Amino acid sequence: MRSSGYGELLNKRFGVLDPPTFVTSVSRGAAITFARLRLDGAGRTFDNIPPEDAYAFHVNFLKQESYSVSRKARAAERHFLGEGDSTMLDCSEASTVTMHSALDTVRLYVPRLTLQDFVREHYGSSEVHLKPPQQVMQDPILYRLGACLSALLEHPEESNSLLVDHIALSLQSHLYQTYSATPAWSPRARGGLAPWQESRAKEALDADLDKEITIAQLAHDCGLSTSQFARAFRQSTGCPPHRWRLQRRIKRAQDLLLTSDKTLAEIASACGFSDQSHLTSAFGQTVGTSPGLWRRTKRA
């Protein structure tokens, strides 16, 4: 998961200083990016935003947000968003945006050709054009994805590449199925991983639990595309790669809790958690109790 470079572009384009940003690795082409954008106050205008062959979705976290968009030879369109509402901008034309309120949003930037490659591979369709039924959308799935990303962007030390890549793949499928301008195709039926692919992927996920790994790396090792690998891995194991690896990290932590006198902070570091607090949170959600109490109970 890369996070440099794109934040600088957003700073230059929108005047948001060093916004928290994730740049995914799920595509061989242009990357899908996620960013948390905040601006205080109204009256900011961003002139001549250059055209890009991409879509930008914004998930609003304020009680009320308002902005106007104007494009060449067209009157400005003003939009009003409530908390949890989303909006889509087709970035194919140069535009000027004026904020009439403060801004607190997660921006989901999806290059059209990247989405097209995903859809061709996963659904068999040759062209992709998105067109939501209205400019301001009440989309609970998009909101949940945005809220999840918001939490990760606020605490990047607790995020991981596999989870962010998984969100990017899920987002593409949802956008195509929900907002395709033409009827969406059904996913192609495929089986799970071959035994050698499953074994290789699990070995890679289980090795160096304190190191980052991406779906793109796993897919390459298995001779598959990222979307093919993610779908086949889930079909073979019953869970996505990031969840499978979390279970292995928890299992490794349990082994160390039982067989060593390492501190919780040392165990957290050895198992790939950012700190003791991150270990305690993940352990509690998975096992149902804290690692310290679990150790004392098992050793009693």
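Whatever comes next refers back to the structure up there.
Residue numbers run consecutively from 1 along every chain, following the written order of its sequence. At least 70 in pLDDT is required for a residue's local features to be given in this predicted model, at least 80 for side-chain atom pairs to be given and counted, and no such filter applies to totals for whole chains, interfaces and linings, which use all residues. Computation of side-chain values covers all heavy atoms of the structure but excludes hydrogens and water.

**Q** I keep staring at the nonpolar core and nothing clicks. Help me out?
**A** Grouped burial of nonpolar side chains is what soluble globular proteins tend to show. By size, the foremost hydrophobic cluster in this structure holds 48 residues, and its most contacted members are F34, F57, L108, L130 and F229. Among the secondary structure elements, those contributing two or more residues to this core are β4 (54-60), β9 (103-111), α2 (112-122), α3 (140-154), α4 (161-179), α5 (195-206), α6 (215-221) and α7 (226-237). Broken down by element, this core gets its largest block of residues, 10 residues, from α4. Grouping buried Ala, Val, Leu, Ile, Met, Phe, Trp, Tyr and Cys residues that are joined through side-chain atoms within 4.5 Å yields what is termed a nonpolar core. Exposure is judged per residue with a 1.4 Å probe applied to protein chains only, and the accessible area is read against the type maximum: over 50% gives exposed, under 20% gives buried, and values in between give partly exposed. Residues I49, L81, L89 and L103 belong to the second largest nonpolar core, which totals 17 residues. Helix numbers and strand numbers start at the N terminus; a helix is a DSSP run of H or I with at least 4 residues, a strand a run of E with at least 2.

**Q** I would appreciate a short explanation of the sheet that holds strand β3 (residues 45-49) in the present structure.
**A** One key point about sheets: their strands pair by backbone hydrogen bonds, in either a parallel or an antiparallel sense. Note on pairing: two strands pair once DSSP finds at least 2 bridges between them. With respect to topology, four strands assemble into an open sheet ordered β3-β8-β5-β6, the strand pairing being antiparallel. The open sheet terminates on both sides in strands that have one partner only, identified here as β3 and β6 (77-82). Between one strand axis and the next, the sheet turns through 20 degrees on average, direction left out of account. Throughout, an axis means a line fitted to C-alpha atoms (over the contacting stretch in the case of helices), and angles, computed between N-to-C directions, take values from 0 to 180 degrees.

**Q** Help me out: how do you make sense of the packing of aromatic side chains in this one?
**A** Geometrically, a pair of aromatic rings is defined through the distance of the ring centres and the angle of the planes. We call Phe, Tyr and Trp rings a pair once their centres come within 6.5 Å, taking the six-membered ring for Trp, and we label the pair stacked below 30 degrees between planes, edge-to-face above 60, and tilted otherwise. Applying the stated criterion to the full structure yields seven aromatic pairs. Seen from their ring centres, F118 and Y123 are 6.4 Å apart, and the 65 degrees between their planes marks the pair as edge-to-face. Like F118, the residue Y123 is buried in the burial classification. Taking the centre distance of 6.4 Å and the plane angle of 90 degrees together, the rings of F233 and W244 count as edge-to-face. With F233 in helix α7 and W244 in helix α8 (residues 241-259), this pair connects stretches of sequence that are 11 residues apart. Of the two residues, F233 and W244, both sit in the buried class. Charge-over-ring placement is defined geometrically: NZ (Lys) or CZ (Arg) within 6 Å of the ring centre, and within 35 degrees of the ring normal. One cation-aromatic arrangement involves R36 over F61; the distance from NZ or CZ to the ring centre is 4.9 Å.

**Q** Just checking my understanding: could you explain the sheet that holds strand β7 (residues 86-90) for this structure?
**A** With antiparallel pairing, the six strands of this open sheet are ordered in space as β1-β2-β9-β4-β7-β10. Single-partner strands in this sheet number two, and they are β1 (21-23) and β10 (136-137). Sheet analysis places β1 next to strand β2 (residues 33-39), joined by three bridges and oriented antiparallel. Within the sheet, the bridge partner assigned to V23 lies in β2 and is T33. Its contacts with the sheet put α4 on β1, β2, β4, β9 and β10, and the angle it makes with β2 is roughly 85 degrees. Any two residues whose heavy atoms approach within 4.5 Å at even a single point are treated as in contact.

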